[in-house]
Amino acid sequence: MSSATDDEAELNLTRRATLESNSDALQGDEAPTLPVEPEDKYDTEDEAEDGALLAAAERRKIRAERRKLLLTSPAFVIGSLIVAFWILCAIAPGVFTQWGPNEVVRLADGSTIPRTGPSADAWFGTDAIGNDVFARVIYGARPVLILAPIAAALSVVAGTLLGLIMGYVRGWTDEIMSRIIEAFLSIPVILLALMVLVIFGRSRLVIIVTIAVLFTPVVTRTVRSTVMAEAQLDYVTSAKLRGENNLYVMVREILPNITSVVVVEFTVRVGYAIFTVATLAFLGLTADDATSADWGRDVANNYGLIQADQWWPSVFPALAIASLVIAVNLIADSLDRVSKA
Amino acid sequence: MSNDDQTNDQAADQASDQTVGQYADAVLSIQDLELAYEVRGVPRAVLRGVSFDVRPGEAYGLVGESGCGKSTTAYAAMRYMPDNAIIQGGRILAAGQDVTDMTRAELRRFRSHDASMVYQDPVQALNPALRIGRQVAESFRILGLDKKQAMLRAEYALERVKIADPKRVMDRYPHQLSGGMLQRVVIAMALAGDPQLLVLDEPTTGLDATVEAEVLDLVRDLRHETNAAILLIAHNLGVIRSMCDRVGVMYAGKIVEQGEAQDVFESPKHPYTMGLLNAIPRKGLRKTDRELFTIPGNLPQIGAALPTCVYVDRCPLADETCRTVTPPVVQVDDTHWTRCHHLDRVESIRTPAATTNVFEVGTETVLELSGVSKTFRQRGHDVPALVSVDLGFAEGETLGLVGESGSGKSTLAKTLLGIHPPDEGGVITLDGRPVRATATERRESSIRAMQMVFQNPDSALNRSWTVRRILKRTVVKLTGVKGKEADRRVTELAEAMRLSPRHLDMRPRQLSGGLKQRVAIARAFAGDPRIVVCDEPTSALDVSVQAAILNLLANLQNDERTSYLFISHDIGVVRYLADRIAVMYLGRIMELADTDQIFRGVHHPYTEALLSAVPSIDGETENRIPLGGEIPSPANPPSGCVFHTRCHRAIEGLCEVIEPEMIELEPGHWSKCHLTVEQLSQPVEIRGERLATLAD
């Protein structure tokens, strides 16, 4: 692996530098003069010839270490593999299945096999019409993976902005906005989404914006508390003491120090957004036409068949939702752990 | 060096160690302890053969800079070790048992009956959700007492640590008690099983000097009462000096010198001990006398290969012998030994030459505060944190600001800088012109004139910025220069702070504490300030680094004629740097005088008590004046003179009625006290034993 050789090279570099500095010290002062003059001495802390290089190397080392920590965490690896698989499905579903989502499975003799359980012909079985459940699951990744990340990203951008303002400016701005957020959080998410979608119609844009708006208060609260802790630090005071304005302090000074929180928050929100998109689809609120593959809607359309012992057309899409949500959460967890390490 | 040589050396080392400082009656006997922390599969040496004994009734102190292995040793004595710690060699004998191979049950018994530990932060040592009484009683329940007995014993235990009203204290929760009171509680719990060994790890580090003195008095009394062996870890050499019979000086996981406290502190025989002692401003040293001694370089990293003398890379006496032969233990007298080839030459590194700095103090007032007050509103109450303060700073002058925590020192600094605005009526003038209340309203020239160096450089420097960016932004913002010119100025600044160019491209976390503080100082000086507020700038640093920072501040002042407001709890440091000293209590300035005037002759009773509380590293035992009780709440200050409730010279019928005016005791020496010079110079009679009382 390339990262291993990278690490080695860095290690060598550091080792060489320390050797050099040691030999410097050995050759340096043959006969110590007494008393020593401290002013020439006290800042020789691990001085090395290729100092700037060393600084960069050290920084790279920290980054490499974080990368290594992530790549050796099973949770992160498994989560990433699952997410990567679903992304591939969303991009090129044809690679994984010979059937289209609305294509009726026909055997070699031309016969159809509707309502048949998992078999070699249809791995996940077929639904009432005779479509391949496996194909529908593969094709179903696309709508979720388009809507959820965009909605999550929007909510994180908005939440970070609001959180920065509330956490830094404080005062009555914070008071008023906090009350609004609390009011927002007391409304059941699905209920509100239902109403909005009924009023504004079910386009992709409306779904994305609705989910983003619903998630923004939660993101705002997380970011706000992080910013509040950050604003207590003296570097913020120091920025004020050189006359920086609020916008500069928030965006240039504080924001870079809360990025890890924002990244983790984004990942967590993606997980929740997948869940919400699927739930809305289950309730029939999708942007696409009624026959397109969609995990949530497929569950809704077929769960009644479970009582007729036909569990496969609903359980497999449900498992698909679960696998994606869990995978995203695994990634979020390991990112969180690494950022705190 | 070949492997054989190394083992030979080690063998020789061990052989010589065993002849040193072994006492048959030792309660704690650490013998050649080698301990490593495993980091990513590689064991990294932390303790490299530590040996010492502590006898019953004896206090043994370990000193050294942070990272030298003091705390690891202390924790190892109790076998409190992280999972990645490996004992690679040696033995720990405590109370007649080998601590290293105890079973869980034995260990539990050992920790409840034979040995106890007191930690640095009593707040973390106590459970915030349980009442004090229950927690103290728990220590007795472990010993097998029933609930009722345990509660009775708990009450007695609190009485024993001189808490005035144990019943009421037992009813409280930890957050309702002050730090000093909590540390008493923790000590009471530690003494529950009448341990033979008491390990104290920085027990007074978080406390004010006045409270520290009281806790130390208590430990001293208890030591005689219980005859326990005490192992004391402290970075404050004064504490060690005033408490311990014998001391061990640790460096890089090895004891380099050991002996009776007086011998080690008065005639050190190891270059490291000498360096540490000379780095501290002691015996009334002033910046006008000489620079402080600094130890070049850094402590080696844990796990570094140190085949011969551990101190060789930083030692001014090091020569070829030191690099090739491990120094043996050299006996100076019966109790005093050192690991140095050149102990006869240690004396020669005593002091740097006299300073050439002149520290001219101008006659013009740069900054003046008149009638400045600051009232905070807390839960509907007015809390006056600053009450009508008048102060002036001359050009090139350092004004030292001292007082217990909560006395308003930081509020004064922040109000002056415009971080929060003063109450109506107070005026701050810069070069004779009044400035606006808050920094954001102030004009550019006033902003660049006043800057600050913070206590904690980790908090003061933006961790995601490089040093270059931090300095450049400040230069651009404060001086208005841009581009190449700004880059040039940044390089100049770095040079003036003795930062090497490579440090400019690093981020704060890649720098040591001392270097970080240099960056912070560079930032404060970026716009040629007239006055710099230094809020405890060295209290987070080790003494050798502190010395370098103090030298830097002194030199900068000499060159730039900057004024300093220097806040510190370390009286020795203030004495070294300050031209004048202001003493604060409950938001008021109680005394203001030249440094010399403060340290000789008469002063305000509060100053008197404050000065007497400082544990002296020079071993002089002054008559300590205990401050009764705790600092009153500023929300509800005492009537009359605010200090009368704790004053040992208070005059009944006067002090609690009338607030004294600021009067001039002698030219330039102001004091807020009713007493005359004659009355103040009378020796004071301390009545009886002082008990720790609750604040309300």
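Residues numbered from 1 in each chain as written. Chains lettered and ligands numbered in written order. Predicted model: local features only at pLDDT ≥ 70, side-chain atom pairs only at ≥ 80, totals over all residues.

**Topic: the overall build of chain A**
Logical step 1: The helix and strand tally for chain A stands at 13 helices and 0 strands.
Logical step 2: Start at the N end of chain A and walk to the C end: the helices and strands fall as α-α-α-α-α-α-α-α-α-α-α-α-α.
Logical step 3: Here chain A holds 341 residues, and 38% of them are scored as buried.
Logical step 4: Here the contacts in chain A between residues at least 6 apart in sequence split such that 72% fall between residues at least 24 apart. (Helix = DSSP H or I, 4+ residues; strand = E, 2+ residues; numbered from the N terminus. Buried ≥ 20, exposed ≤ 12 C-beta atoms within 10 Å, placed from the backbone. Contact = placed C-beta atoms within 7 Å.)

**A look at the overall build of chain B**
Logical step 1: Scanning chain B from N- to C-terminus turns up 24 helices and 24 strands.
Logical step 2: Here chain B has a C-alpha radius of gyration of 27 Å; the compact-globule value for 696 residues is 26 Å, and the two agree.
Logical step 3: If one aligns the C-alpha atoms of chain B with their principal axes, the spans along those axes are about 75 × 65 × 45 Å.
Logical step 4: Each of the 696 residues in chain B was classed as buried or not, and the buried ones make up 50%.
Logical step 5: In chain B, the share of contacts with a sequence separation of at least 24, taken over all contacts with a separation of at least 6, comes to 69%. (Rg over C-alpha atoms; globule rule 2.2 N^0.38 Å.)

**Here we look at the environment of V574 of chain B**
Residues and elements named next belong to chain B.
Logical step 1: Of note, V574 is situated in helix 21 (residues 571–577).
Logical step 2: Separated by 174 residues in sequence, V574 and G400 have C-alpha atoms that sit 5.7 Å apart.
Logical step 3: Not counting residues up to four positions away in its chain, the partners in contact with V574 are G400, V402, F566, S568 and I581.

**What about the sheet that holds strand 13 (residues 365–378) of chain B?**
All names here are of chain B.
Logical step 1: Reading across from one edge, 14-13-16-17 is the order of the 4 strands in this open sheet, with antiparallel pairing throughout. Lying at the two open borders of the sheet, with one neighbouring strand each, are strand 14 (381–394) and strand 17 (433–434).
Logical step 2: As paired elements, strand 13 and strand 14 share 10 bridges and run antiparallel to each other. Bridge assignment links Q378 to a residue of strand 14, and that residue is H381. (Pairing = 2+ DSSP bridges.)

**What about helix 23 (residues 605–613) of chain B?**
Logical step 1: Within the sequence span of helix 23 of chain B, burial applies to P605, Y606, T607, A609, L610 and A613 of chain B.
Logical step 2: Buried residues in helix 23 of chain B make contact with helix 9 (209–226), strand 15 (398–402), strand 21 (580–585), strand 22 (588–594) and helix 22 (595–599) of chain B.

**Details of the packing of helix 6 (residues 171–185) of chain A against helix 8 (residues 204–231) of chain A**
All names here are of chain A.
Logical step 1: For the pair helix 6 and helix 8, the least separation of the axes is 9 Å and the interaxial angle reads 135°. Here helix 6 is positioned oblique relative to helix 8, judged by the angle of their axes. For the element pair helix 6 and helix 8, the recorded crossing hand is left-handed. Counting all contacts with helix 6, which are made through I181, F184 and L185, the residues of helix 8 involved are P217, T220 and R221. (Axes fitted to C-alpha atoms, helices over the stretch in contact; angles between N-to-C directions. Parallel < 35°, antiparallel > 145°, perpendicular 65-115°, else oblique. Left-handed = near helix turned anticlockwise from the far one by under 90°.)

**Describing the sheet that holds strand 5 (residues 97–98) of chain B**
Residues and elements named next belong to chain B.
Logical step 1: If you walk across this open sheet you meet the 4 strands as 2-1-4-5, and the pairing is antiparallel. On the outer flanks of this sheet lie strand 2 (42–54) and strand 5, each paired with one strand and no other.
Logical step 2: Both strand 1 (residues 28–39) and strand 2 contribute to a ladder of 10 bridges, which runs antiparallel. Paired with V39 across the two strands is V42, which belongs to strand 2.
Logical step 3: Here helix 2 (residues 70–77) sits on the sheet and contacts strand 1, strand 2 and strand 4 (85–94); the angle it forms with strand 1, its principal contact strand, is near 115°.

**As for the packing of helix 5 (residues 132–141) of chain B against helix 8 (residues 179–190) of chain B**
Residues and elements named next belong to chain B.
Logical step 1: Across the interface, helix 5 lies against helix 8 with an axial gap of 8 Å and an inter-helix angle of 25°. With respect to helix 8, the axis of helix 5 lies roughly parallel. Two secondary-structure elements touch here, helix 5 through I132, Q135, V136 and S139 and helix 8 through V185, A188 and M189.
Logical step 2: In terms of residue class, the contact of helix 5 with helix 8 is built from 5 nonpolar, 2 polar and no charged. (Nonpolar A, V, L, I, M, F, W, Y, C, P; charged D, E, K, R; others polar.)

**Quick word on the environment of S139 of chain B**
Residue and element names in this part refer to chain B.
Logical step 1: Among the secondary structure elements, S139 is positioned in helix 5.
Logical step 2: Along the backbone, S139 and Q517 are 378 residues apart, and their C-alpha atoms lie at a distance of 43 Å.
Logical step 3: What S139 contacts, discounting residues up to four positions off in sequence, is M189 and A192.

**Observations regarding the pairing of strand 19 (residues 531–535) of chain B**
Residue and element names in this part refer to chain B.
Logical step 1: Burial analysis of strand 19 places 5 of its 5 residues in the buried class, which makes it a mostly covered element.
Logical step 2: Burial along strand 19 is two-sided: I531, V533 and D535 and V532 and C534, pointing in opposite directions, are all buried.
Logical step 3: Of the pairings in the sheet, the one linking strand 19 to strand 20 (residues 563–567) comprises 5 bridges and is parallel in character. Within strand 20, the residue paired with V532 across the bridge is Y564.
Logical step 4: With respect to chirality, the unit in which strand 19 leads through helix 20 (residues 543–560) into the neighbouring parallel strand 20 is right-handed. (Right-handed = clockwise from strand over helix to strand, strands pointing away.)

**Describing the pairing of strand 20 of chain B**
Residue and element names in this part refer to chain B.
Logical step 1: Most of strand 20 is tucked away, with 5 of its 5 residues classed as buried.
Logical step 2: Every second residue of strand 20 is oriented toward a common face, with S563, L565 and I567 on one face and Y564 and F566 on the other, all of them buried.
Logical step 3: Two elements, strand 15 and strand 20, share 4 bridges in a ladder whose sense is parallel. Bridge assignment links L401 to a residue of strand 20, and that residue is I567.

**Some thoughts on the confidence of the model for chain B**
Residues and elements named next belong to chain B.
Logical step 1: Confidence along chain B averages 90 in pLDDT terms, with 95% of residues attaining 70 or more.
Logical step 2: In the model, residues 1–20 has pLDDT below 50 throughout and makes 17 contacts with residues more than four positions away in sequence or in other chains.
Logical step 3: Interface confidence for the predicted complex, expressed as ipTM, amounts to 0.87; the pTM equals 0.86. (pLDDT = per-residue confidence, 0-100.)

**A short note on unusual backbone geometry**
All names here are of chain B.
Logical step 1: Although it is not a glycine, D194 sits at a positive phi angle of roughly 45°.
Logical step 2: If you check the backbone angles, E202 has positive phi at about 45° while not being a glycine.
Logical step 3: With respect to the helices and strands, the residue E202 is situated in the loop between strand 7 (197–201) and helix 9.
Logical step 4: For E202, a count of 19 C-beta atoms within 10 Å translates into the label partly exposed.

**Remarks on the confidence of the model for chain A**
Logical step 1: Confidence in the prediction for chain A averages 84 pLDDT; 84% of positions are at 70 or higher.
Logical step 2: Every residue in residues 1–50 of chain A scores below 50 in pLDDT, and together they form 53 contacts with partners more than four places removed in sequence or on other chains.

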